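# Report on the structure
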Amino acid sequence: MLDADYILLLFVVLAVIWAIIFIIAGQSWQLFGAFAPAAIVAYFFFDYHPMNCLLFLTVPSALVFNVSAVLSKPKFKGFVFYLNYLLILPLFALYLYYVPGMGKEASWLESIFYGFLQLFFVFFVGKLWISDPLLLLINQLMSRKNDHFETQIINRVIKGAGKSRSFYVNIRYLGAIEVSGFFYWYIRFKDIGPNDKVLVRVKTGWLGTEYIAGFPKLISRG
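Residues numbered from 1 in each chain as written. Predicted model: local features only at pLDDT ≥ 70, side-chain atom pairs only at ≥ 80, totals over all residues. Heavy atoms only, no water.

Let's shift gears to the overall build of the protein. The helix and strand tally for the protein stands at seven helices and eight strands. Its C-alpha atoms give the protein principal-axis dimensions of roughly 65 × 55 × 35 Å. Per-residue burial for the protein yields a buried fraction of 36% across its 222 residues. Pairs at least 24 apart in sequence give 67% of the contacts found in the protein among residues at least 6 apart. (Helix = DSSP H or I, 4+ residues; strand = E, 2+ residues; numbered from the N terminus. Buried < 20%, exposed > 50% of the residue type's maximum accessible area, 1.4 Å probe, protein only. Contact = heavy atoms within 4.5 Å.)

Relative to the elements of secondary structure, Asp 132 occurs in helix α6 (residues 108-139). In this view, Asp 132 contacts Lys 75, Phe 76, Asn 84 and Lys 127; residues no more than four positions away in its chain are not counted.

Turning to the pattern of salt bridges, a few remarks are in order. The full count for this structure, using the stated rule, is five salt bridges. Across the pair Lys 75 and Asp 132 runs a salt bridge, and its minimum N-O distance is 3.8 Å. Note that Lys 75 is positioned in the loop between β1 (67-70) and α4 (79-86) and Asp 132 in helix α6, a separation of 57 residues in sequence. The class of Lys 75 is partly exposed, set by a relative accessible area of 23%. One salt bridge in this structure joins Lys 127 and Asp 132, with 3.3 Å as the shortest N-O distance. (Salt bridge = Lys/Arg side-chain N within 4 Å of Asp/Glu carboxyl O.)

The set of residues buried in helix α2 (residues 36-45) consists of Ala 36, Ala 39 and Ala 42. Along the long axis of α2, the arc covered by the buried residues comes to 125 degrees, so they all point the same way. Exposed residues pointing more than 90 degrees away from the buried face of α2 are listed as Phe 44 and Phe 45. Of the surrounding elements, those touching the buried residues of α2 are α3 (59-63). (Arc of directions from axis to C-beta.)

Another point: the UniProt feature "transmembrane region" (unreviewed entry) in the protein. Using the residue numbers shown here, the UniProt feature "transmembrane region" (unreviewed entry) corresponds to residues 6-24, 54-72, 79-99, 111-130 and 167-187. Spanning residues 6-24, this segment combines 100% helix with 0% strand, and its end C-alpha atoms are found 27 Å apart. Secondary structure content for residues 167-187 is 33% helix and 48% strand, and the end C-alpha separation is 11 Å. (UniProt positions renumbered as here; feature names shortened; annotations may be inferred.)

What follows concerns a nonpolar patch on the surface. Together, Tyr 6, Leu 9, Leu 10, Val 13, Leu 14, Ile 17 and Ile 21 line one region of the surface with nonpolar side chains, adding up to about 680 Å² of accessible area. Turning to its location among the elements, Tyr 6 is positioned in helix α1 (residues 2-25). (Patch = residues over 30% accessible without salt bridge, like charges linked within 9 Å, V, L, I, M, F, W, Y side chains within 5 Å. Areas by Shrake-Rupley, 256 points an atom, 1.4 Å probe, with all protein chains shown as cover.)

Moving on, we come to the layout of surface pockets. It is the rolling of a water-molecule-sized probe over the atoms that shows where space remains empty. By volume, the second largest pocket is sized at about 360 Å³. In terms of lining, the second largest pocket is formed by 16 residues, of which the most central are Met 51, Leu 54, Leu 57, Leu 91 and Leu 94. Tallied by class, the residues present in the lining of the second largest pocket amount to 13 nonpolar, three polar and no charged. (1 Å grid on protein atoms, 1.4 Å probe; cavity = no way out; pocket = protein on both sides within 12 Å on 5 of 7 lines; lining within 4 Å. Points joined across faces, edges and corners; volume = space filled by probe spheres on them. Nonpolar A, V, L, I, M, F, W, Y, C, P; charged D, E, K, R; others polar.)

This part covers the confidence of the model for the protein. Here the protein averages 86 in pLDDT, and 92% of its residues register 70 or above. The lowest-confidence element of the protein is helix α5 (residues 89-98), averaging 81 in pLDDT; the highest-confidence one is strand β7 (residues 210-213), averaging 96. (pLDDT = per-residue confidence, 0-100.)

Further remarks concern the sheet that holds strand β3 (residues 153-159). Across the sheet, three strands lie side by side as β3-β4-β5; this open sheet has antiparallel pairing. Each edge of the sheet is formed by a strand with only one pairing partner; in this case those strands are β3 and β5 (175-179). Mean inter-strand twist for the sheet, computed between neighbouring axes without regard to direction, equals 25 degrees. Of the strand pairs in this sheet, strand β4 (residues 166-171) and β5 are connected by five bridges, and their pairing is antiparallel. Residue pairing in the sheet places Phe 167 in a bridge with Val 179 of β5. (Pairing = 2+ DSSP bridges. Axes fitted to C-alpha atoms, helices over the stretch in contact; angles between N-to-C directions.)

This part takes up the packing of aromatic side chains. Between two aromatic rings, the relevant description is the distance of the centres plus the angle of the planes. This model, assessed by the stated rule, comprises 16 aromatic pairs. Where Phe 167 meets Tyr 184, the ring centres are 5.2 Å apart and the plane angle is 45 degrees; that geometry is what we call tilted. Taken together, the positions of Phe 167 in strand β4 and Tyr 184 in helix α7 (residues 181-190) put the pair 17 residues apart, joining distant regions of the chain. Here Phe 167 and Tyr 184 have matching classes, each one buried. Connected via pairs of aromatic rings, a cluster forms that spans Trp 18, Phe 22, Phe 65, Phe 182, Tyr 186 and Phe 215. The ring of Tyr 168 has Lys 159 lying over it, and the distance from NZ or CZ to the ring centre is 4.5 Å. (Phe/Tyr/Trp six-rings, centres within 6.5 Å; stacked < 30°, edge-to-face > 60°. Lys NZ or Arg CZ within 6 Å of the ring centre and 35° of its normal.)

Set out below in structure tokens:
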């Protein structure tokens, strides 16, 4: 029993560390992956309920860990652009079904206002944390184009502070782009300077979205 307690404690510690790392360094499409380990374990510990399957929605965000930056603007084009929003509709349906009687004690104006705010939150979470990661995961299943090119990282900078901070790097031939914190801290950990030559992988995935895959490979020091 003591061993089981130690194992559980170790898992909790590792899950917390995992969550902190993803929250600090993850891009928007990676953030929900912070809860993936805890969600998977919770699925097997909770009493069975069909809605428990929603816990697995955290997994795609963890599986797109290697999508360091999305170069396509917008992220998705053509039919996939609309599919990105259509995938959110089931979340609206679930929300309206499981949150009945919203604003019963409020005036009709307050009910509309708070209802709009809550639905906007569902839309925001659904797109950034569920729909985007799922489509990015599908996108990387197969590559239409796979480029490896030698370049240099001119500089790196963090903009903002706290939860609103963003990571940017200036890559020769690509310009200044927003990247994941994993990419940024990897460059800093490797102490890659503006005179160093690196190899960067740029892929165009199955859905036509272009992205930087993985981390830069150091070729030579300047």
